[in-house]
Amino acid sequence: MFALFLTQLKTTTMNRKLLILALISFFLSINKTSFAQDGVTASHSVTFTIPHVAMVDVEGGGSINLGLSGPTEAGLGLAGSASNSTLWLNYSSTTNPSSSNSVMVKLDAPIPGLDLKITASTDASAGLGATGTPASTLTLTTTEQSLINNIGTCYTGDGVSKGHNITYNLVANNYNLIKSNTTPGTTTITFTITNN
């Protein structure tokens, strides 16, 4: 078809100019269509990072007071126990696909003749994610024990009534070792969030 077009043109200067313009237009249109076409899809990469997070906090007060009451009649023992449920355990956590976090708990010194027990409630659902599962009631010792297990990537919310409610019970276990005191004795409870 192009050859037929060329044979029909006369060799006049005007026709030569038209021919040259036609050829230039033809080659430009081929070049434009071959390099200006977009595909059906396009893509690019996005790089992202997620920090490792392991934070734990106790809300509701800096300390608690527990004390066994004395008997009201001669021949009776100390009150069986004293309890407190004012504190809340909050945490934030990220984990990798093959691990979880746990909240560990211990006390710094035993209390002669007494057991200090701790119980954590289920999460109050004030945050999001894979919050952990509380262990059964623990008798605190100077060795770390797991209080909350199987913590994934989550946060509990910050403050009182968020996370896990903590209940402490002070219970007499050996009367021979219990000594009265005029100044309250203290022990420190330490919570640590750790990767499993």
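Our structure is the block above this text.
Residues numbered from 1 in each chain as written. Predicted model: local features only at pLDDT ≥ 70, side-chain atom pairs only at ≥ 80, totals over all residues. Heavy atoms only, no water.

Draft legend 1. Layout of the overall build of the protein chain. Looking only at helices and strands, one finds two helices and 11 strands in the protein chain. Going residue by residue from the N terminus, the α and β elements of the protein chain occur as α-α-β-β-β-β-β-β-β-β-β-β-β. Across the 196 residues of the protein chain, 22% fall into the buried class. Within the protein chain, contacts between residues separated by at least 24 positions form 78% of all contacts whose residues are at least 6 apart in sequence. Roughly 13,200 Å² of accessible area belongs to the protein chain as shown, and the carbon and sulfur atoms make up 57% of that amount. (Helix = DSSP H or I, 4+ residues; strand = E, 2+ residues; numbered from the N terminus. Buried < 20%, exposed > 50% of the residue type's maximum accessible area, 1.4 Å probe, protein only. Contact = heavy atoms within 4.5 Å. Areas by Shrake-Rupley, 256 points an atom, 1.4 Å probe, with all protein chains shown as cover.)

Draft legend 2. Structural view of the side chain of Asn101. Along the polypeptide, Asn101 turns up in strand β3 (residues 101–107). For Asn101, a relative accessible area of 0% corresponds to the buried category. Not counting residues within four places of it along the chain, the set of residues in contact with Asn101 comprises Val53, Ser93, Thr94, Thr95, Ile148, Asn149, Asn150, Ile151, Ile193, Thr194, Asn195 and Asn196.

Draft legend 3. Region of interest: the sheet that holds strand β6 (residues 133–134). Reading across from one edge, β6-β8-β3-β11 is the order of the four strands in this open sheet, with antiparallel pairing throughout. Each edge of the sheet is formed by a strand with only one pairing partner; in this case those strands are β6 and β11 (189–195). The sheet contact formed by β3 and β11 spans seven bridges and is antiparallel. Looking at the pairing, Lys106 lines up with Thr190 of β11. (Pairing = 2+ DSSP bridges.)

Draft legend 4. Looking closely at the nonpolar core. Among the nonpolar cores identified, the biggest contains 21 residues, and Val103, Ile118, Leu147, Ile148, Ile166, Tyr168 and Phe191 are the most heavily contacted of them. The set of elements that each furnish at least two residues to this core consists of β2 (81–93), β3, β4 (114–120), β8 (145–151), β10 (164–172) and β11. It is β4 that contributes the most residues to this core, four residues altogether. Excluding residues within four positions of it along the chain, Tyr168 makes contact with Ile64, Leu66, Ala82, Ser83, Asn84, Leu87, Leu116, Lys117, Ile118, Leu140, Ile189 and Phe191. (Core = buried A, V, L, I, M, F, W, Y, C linked by side-chain atoms within 4.5 Å.)

Draft legend 5. A look at unusual backbone geometry. For Asn150, which is not glycine, the phi dihedral falls at a positive 60°. Along the polypeptide, Asn150 turns up in strand β8. At Ser161, a position not held by glycine, the phi torsion is positive, near 70°. The residue Ser161 is located in the loop between β9 (154–155) and β10 in this model.

Draft legend 6. Structural context of the side chain of Asn84. With respect to the helices and strands, Asn84 occurs in strand β2. Of the residues examined, Asn84 reaches a relative accessible area of 14% and is grouped as buried. Side-chain polar atoms of Asn84 contact the side chain of Thr86, separated by 2.8 Å. (Polar contact = N/O pair within 3.5 Å; in protein donor to acceptor, adjacent residues only side chain to side chain.)

The values reported here are purely geometric and, on their own, carry no functional implication.
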